[in-house]
Amino acid sequence: MAEERPRAFLDPAVLARLMRQQLVTRFPMEGMVSGHHKSPHRGSSVEFAEYRNYVPGDDLRRLDWRVFGRSDRFYMKEFEADTNLRCYIVLDTSASMSFKGRHESRLDYARKIAASFAYLTIQQGDAAGLLCVGEKKTLDIPAKRNPAHLQLIYDTLEQVEAKGTTNIVQALHDLAEKVRRRAIIIVLTDAFDDADALLNCFQHLRFQKHDLVLFQLLDRMEMEFRFERPVRFNDLESSFNIVAEPNSIRDEYLAQLHKHLAKLKQGCHQFNADYRLAITDQDYEKLLADFLSERAGTASARG
């Protein structure tokens, strides 16, 4: 590891086990150097892609003479190109990410996921970047594949605080315009924002052909809403608060929550984005191991 100082969000044993699976993408990537991921462009790997007609100026070394012998026509052999991957991790740092039920806060849980993805990406020779999206300012660490780059990402994850309102919708639109080459975008947020606005920026990212992954982080208390006595509910991103009898609002609360979750999940599927619901009392290692395994299986099935 590039950083030996213990970090609360890093578990070397977990990272060692996760490294058995490679982080792969569902779509061809556009990197800057040769790597392990498929590119939309033809290249010089050993994996055959297709034939195409010869045109003057083509490299004759790639002409298939056997096909010429059978058909008396010139065909060029095209091979897959392999390139590197750039992974942008987008971390929502609004005040609602500080919510903590009986377990760790959303932000602490997100730190573990972000740090793990950064480590796995750089250790496999790809580039990782980090965006911490707050109310007015976005901390933007560009994607690099230098192992020393992990130090900067870890320091930022360690220092970032959850406060203010969220500006993640505009930040994702800006990212879609800024990152011109195809990349994998991993978003860590509670997604307590207008669903239509979120889906609009997800569509924008997919339009730019990025491989988008949404990890929606929720607490078990938010999912079940099991309170027995009147409770004062505080909006973490404003001064609004209200005292309510949980039993009288539980059914309506759960109906609205599930409606919001279903809309996000359905929208992600519509745009071919990867939606993952993460409850903060879940084992994050299993969450990531399942994610990596499913992706590897899909990539293997595609051949």
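Conventions adopted
Residues numbered from 1 in each chain as written. Predicted model: local features only at pLDDT ≥ 70, side-chain atom pairs only at ≥ 80, totals over all residues. Heavy atoms only, no water. Helix = DSSP H or I, 4+ residues; strand = E, 2+ residues; numbered from the N terminus. Buried < 20%, exposed > 50% of the residue type's maximum accessible area, 1.4 Å probe, protein only. Contact = heavy atoms within 4.5 Å. Areas by Shrake-Rupley, 256 points an atom, 1.4 Å probe, with all protein chains shown as cover. Phe/Tyr/Trp six-rings, centres within 6.5 Å; stacked < 30°, edge-to-face > 60°. Axes fitted to C-alpha atoms, helices over the stretch in contact; angles between N-to-C directions. Parallel < 35°, antiparallel > 145°, perpendicular 65-115°, else oblique. Left-handed = near helix turned anticlockwise from the far one by under 90°. Salt bridge = Lys/Arg side-chain N within 4 Å of Asp/Glu carboxyl O. Pairing = 2+ DSSP bridges. Core = buried A, V, L, I, M, F, W, Y, C linked by side-chain atoms within 4.5 Å. Right-handed = clockwise from strand over helix to strand, strands pointing away. Expected span 1.5 Å × (residues − 1).

Chemist: Is there a simple way to think about the overall build of the chain in this case?
Modeler: A count of helices and strands for the chain gives nine helices and ten strands. Taking all 303 residues of the chain together, 48% fall into the buried category. A sequence separation of at least 24 residues applies to 76% of the contacts in the chain between residues at least 6 apart. When the accessible area of the chain is evaluated, it comes to approximately 15600 Å², of which 49% is carbon and sulfur surface.

Chemist: I would appreciate a short explanation of the packing of aromatic side chains in the present structure.
Modeler: Any aromatic ring pair is given by two values, namely how distant the centres are and how the planes are angled relative to each other. Summed over the entire model, instances satisfying the criterion amount to eleven aromatic pairs. Taking 5.6 Å as the distance between ring centres and 15° as the angle between the ring planes, the aromatic pair formed by Phe225 and Phe233 counts as stacked. Note on Phe225: relative accessible area 6%, which makes it buried. An aromatic cluster is built from Phe225, Phe227, Phe233 and Tyr253, whose rings are joined through pairwise contacts.

Chemist: Would you mind going over the packing of helix 6 (residues 195-207) against helix 8 (residues 246-270) with me for this structure?
Modeler: Relative orientation of the contacting elements helix 6 and helix 8 amounts to 15°, with a least axis distance of 10 Å. In terms of orientation, helix 6 and helix 8 fall into the roughly parallel class. Of the two elements, helix 6 crosses helix 8, and the hand of that crossing is right-handed. Side by side, helix 6 and helix 8 meet where Ala195, Asp196, Leu198, Leu199 and Phe202 of the first sit next to His260, Lys263, Leu264, Gly267 and Cys268 of the second.

Chemist: So what exactly am I meant to see when it comes to the pattern of salt bridges here?
Modeler: Any two side chains of opposite charge can pair if their charged atoms end up close together. All chains considered together, the criterion is met by 18 salt bridges. Where Arg17 meets Glu285, a salt bridge forms, and the shortest distance between an N and an O atom there is 2.6 Å. Placement of the pair is Arg17 in helix 1 (residues 12-18) and Glu285 in helix 9 (residues 284-302), with a sequence separation of 268 residues. The partly exposed category is assigned to Arg17, whose relative accessible area is 36%.

Chemist: Before we go on, may I ask you to explain the sheet that holds strand 10 (residues 274-279) in this structure?
Modeler: Strand pairing within a sheet occurs via backbone hydrogen bonds; the two strands may be parallel or antiparallel. Taking strand neighbours across the sheet as the criterion, the six strands line up as 5-4-3-6-7-10 in an open arrangement whose pairing is mixed. The open sheet has two edge strands, strand 5 (138-144) and strand 10, and neither has a second partner. Taking the axes of each pair of neighbouring strands and ignoring which way they run, one obtains an average angle of 15° across the sheet. Across five bridges, strand 4 (residues 127-133) lies against strand 5 in antiparallel orientation. Considered in strand 5, the bridge of Leu130 is made with Ile141. Here helix 5 (residues 168-178) sits on the sheet in contact with strand 3 (86-92), strand 4, strand 5 and strand 6 (184-189), set at roughly 165° to strand 3. Docked against the sheet, helix 8 engages strand 7 (211-218) and strand 10, running at close to 165° with respect to strand 7.

Chemist: Quick question: what am I supposed to make of the nonpolar core here?
Modeler: Side chains of a nonpolar character, in soluble globular proteins, are inclined to be buried together. In terms of nonpolar packing, the biggest core is built from 43 residues, with Leu91, Phe117, Leu188, Phe215 and Leu217 touching the most fellow members. Secondary structure elements with two or more residues in this core: helix 1, strand 3, helix 3 (106-123), strand 4, helix 4 (149-159), strand 6, strand 7 and helix 9. Here the element with the most residues in this core is helix 3; it accounts for eleven residues. With near-sequence residues (within four places) excluded, Phe117 lies in contact with Leu23, Ile89, Ile186, Phe215, Leu288 and Phe291. Membership of the second largest hydrophobic core comes to 35 residues, among which are Ile185, Val187, Leu261 and Phe271.

Chemist: What am I meant to see in the pairing of strand 4 here?
Modeler: For strand 4, a buried count of seven out of seven residues is recorded, marking the element as mostly surrounded by other parts of the structure. Burial of the side chains of strand 4 extends over both faces: Ala127, Gly129, Leu131 and Val133 are buried on one face and Ala128, Leu130 and Cys132 on the other. Between the parallel elements strand 3 and strand 4, the chain passes through helix 3 in a crossover that is right-handed. Here strand 4 folds back onto strand 5, and the loop between the two strands holds four residues.

Chemist: It is not clear to me how helix 3 should be interpreted in this structure. Could you clarify?
Modeler: Helix length check: helix 3, at 18 residues, gives a terminal C-alpha distance of 26 Å against a target of 26 Å (1.5 Å per residue), a fit within 8%. In terms of burial, helix 3 is a largely internal element, 16 of the 18 residues being buried. Positive phi appears at Gly125, one or two residues downstream of helix 3, with a value of about 90°.

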